[in-house]
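Results of the structural survey
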Amino acid sequence: MRPQVFVLAVLLWVLATPVWGQLFARPEEYVVGGNPFSVVAADLDRDGDFDLALADGLFVAVLKNKGDGNFAPPVDYGSGSNPVFIIAADVDADGDLDLVTADYINMAVLIFKNGGDGTFDAPLRYATNGNPFSVFAADLDGDGDLDLITANFSTSTVSVFKNLGGGTFGNRTDYATNDHPYSVVAADFDRDGHLDLAAGNANSSDISIFKNLGNGAFASKIDYRSGSEPLSIAAVDLDNDGDFDLVSANEGYNSVSVLKNNGDGTFAPNVDYAAQIFPHALHVADLNDDGRQDVAAVNWFSNSVSVFLNRGDGSFSPQQVFAADSVPYSVFAADLDADGDLDLATVGQGSKTISVLRNLTRTDHCPGRPGDLNADGAVSFADLVLLMDCVFQAQGACPTCLADLTCDGELSPSDVAALLAVLFWGQSTGC
């Protein structure tokens, strides 16, 4: 085939093929069994690396990090319950991270105290008002201890449990949300020095904001429209203006919504970004090491992760899509392999696995000549095949520092075109 014909065929294929990103390698899977719902990464044994813990619907499982981003087999802690969401927090202020779960069926929050070495005691149980889908820990009353908040789906409430010290909790106080809250977070939205609450309401497709009155009690809700069925929300400063904005993963709209804070704890109308099918959960973190907060959302019907890179002003580039485990329900970002960038951990209900997607951002992953993806010392058609697999099929591993031939910070059809120019017209691989 003549070079011009080959180039034309490749370009036509480029235009007809959906774009997949390559910030992350393909997932490495760890079988955990059960029915995994939620994952968190934290240094549970105080050895300096991030371990994984999950709520799997029957028990809590802990996978210790071996020090290089590989994990030991899971150790299970029976709860006699139905944990569907998990966080790590030092609720007893002893210097190590405990595990807290939302028990949906038995309408309770469970606290697994850390023994100091990443092993855990039998859970303490506190009754919620209804079936909780999520739990959050924050110091709501300014006394130095972490209080707990649950989002109670069945009763359309959030429950606040004040920490009495030492990781014991008093009677709950309940606040009415809008219709069927699925997630809850705490942040100082109005910059008054006190943490407010936000609850994502699945059935009414909005977010309820509760202003802190200054003592850990809260005013009645104010509702803001989000995308349809916001099952997961996060509060983070997306535009670097000093206040907390809101992000939601909207299963009903197949989208992620951003609600910018107006600076006083009120929010602008939602701006939506298309995800894949049924985004169930999200995590916000700096995924490409540029100092900006990006969004990762797992799409359970598409078996994928959508990554939205922050442009710097709180707006986002179109999604990059990465393969995930089967029916992914949760995602968490942390530097699992201690190389300086943030990897992703997801849990898959369909595959009963935890998956690790290693981040390929850091240049020390891939010293070598730009364009030489197979590290054979030359830029050739074999490298072109690898690059096309990475860009269009999310297959293979193409470190960004070697494959980003246009130097725009991401892999795209433009990099394929640049590599074609190198191969056929002798252009430089440098930027």
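What counts, and at which threshold
Residues numbered from 1 in each chain as written. Predicted model: local features only at pLDDT ≥ 70, side-chain atom pairs only at ≥ 80, totals over all residues. Heavy atoms only, no water. Pairing = 2+ DSSP bridges. Helix = DSSP H or I, 4+ residues; strand = E, 2+ residues; numbered from the N terminus. Axes fitted to C-alpha atoms, helices over the stretch in contact; angles between N-to-C directions. Core = buried A, V, L, I, M, F, W, Y, C linked by side-chain atoms within 4.5 Å. Buried < 20%, exposed > 50% of the residue type's maximum accessible area, 1.4 Å probe, protein only. Salt bridge = Lys/Arg side-chain N within 4 Å of Asp/Glu carboxyl O. Contact = heavy atoms within 4.5 Å. Polar contact = N/O pair within 3.5 Å; in protein donor to acceptor, adjacent residues only side chain to side chain.

**Some remarks on the sheet that holds strand β20 (residues 255-259)**
If you trace the four strands from one edge of the open sheet to the other, you get β18-β19-β20-β21, paired in antiparallel fashion. What marks the edges here is a single partner per strand, and that holds for β18 (230-236) and β21 (271-274). In this sheet, neighbouring strand axes are inclined to one another by 20° on average, regardless of whether the strands run parallel or antiparallel. Across four bridges, β20 lies against β21 in antiparallel orientation. Looking at β21, one finds that S257 is bridged to D272.

**Examining the nonpolar core**
Ranked by internal contacts, the top residues of the largest apolar core, which has 25 residues, are L52, L63, F71, L336 and I354. Elements with a minimum of two residues in this core: β2 (38-42), β3 (51-55), β4 (59-63), β26 (328-334), β27 (343-348) and β28 (353-357). With three residues, β4 is the single largest residue contributor to this core. Of all hydrophobic cores here, the second largest spans 18 residues; its members include C398, A403, A418 and L419.

**Section: the sheet that holds strand β12 (residues 157-165)**
Strand order in the open sheet formed by four strands is β10-β11-β12-β13, with antiparallel pairing between adjacent strands. In this open sheet, the two strands that pair with only one neighbour each are β10 (132-138) and β13 (168-176). Direction aside, neighbouring strands of the sheet carry axes that sit 20° apart on average.

**Some thoughts on the pattern of salt bridges**
Side-chain pairs of opposite charge can arise whenever the charged atoms involved come near each other. Applying the stated criterion across every chain, the model contains eleven salt bridges. Residues D290 and R292 are paired through a salt bridge, measuring 3.9 Å at the closest nitrogen-oxygen approach. Owing to a relative accessible area of 32%, D290 belongs among the partly exposed residues under this scheme. Residue R292 is classed as partly exposed on the basis of its relative accessible area, which comes to 32%. Three or more residues joined by partner-sharing salt bridges are found here, namely E28, D337 and R358.

**A word on the environment of A89**
Residue placement: A89 occurs in strand β6 (residues 83-89). Taking the relative accessible area as the measure of exposure, A89 reaches 7% and is therefore buried. Put simply, A89 and A61 are 28 residues apart on the chain and 16 Å apart in space, counted from C-alpha to C-alpha. Excluding anything up to four places from it in sequence, A89 contacts L97, D98, A137 and L146.

**Some details on the environment of N310**
Within the secondary structure layout, N310 lies in the loop between β24 (304-308) and β25 (320-323). We classify N310 as buried; its relative accessible area is 3%. Separated by 114 residues in sequence, N310 and F424 have C-alpha atoms that sit 35 Å apart. When sequence neighbours within four positions are dropped, the list of residues in contact with N310 reads L238, D290, R292, Q293, D294, S315 and F316. Among the polar contacts listed, one links the side chain of N310 to the backbone oxygen of L238, at a separation of 2.9 Å.

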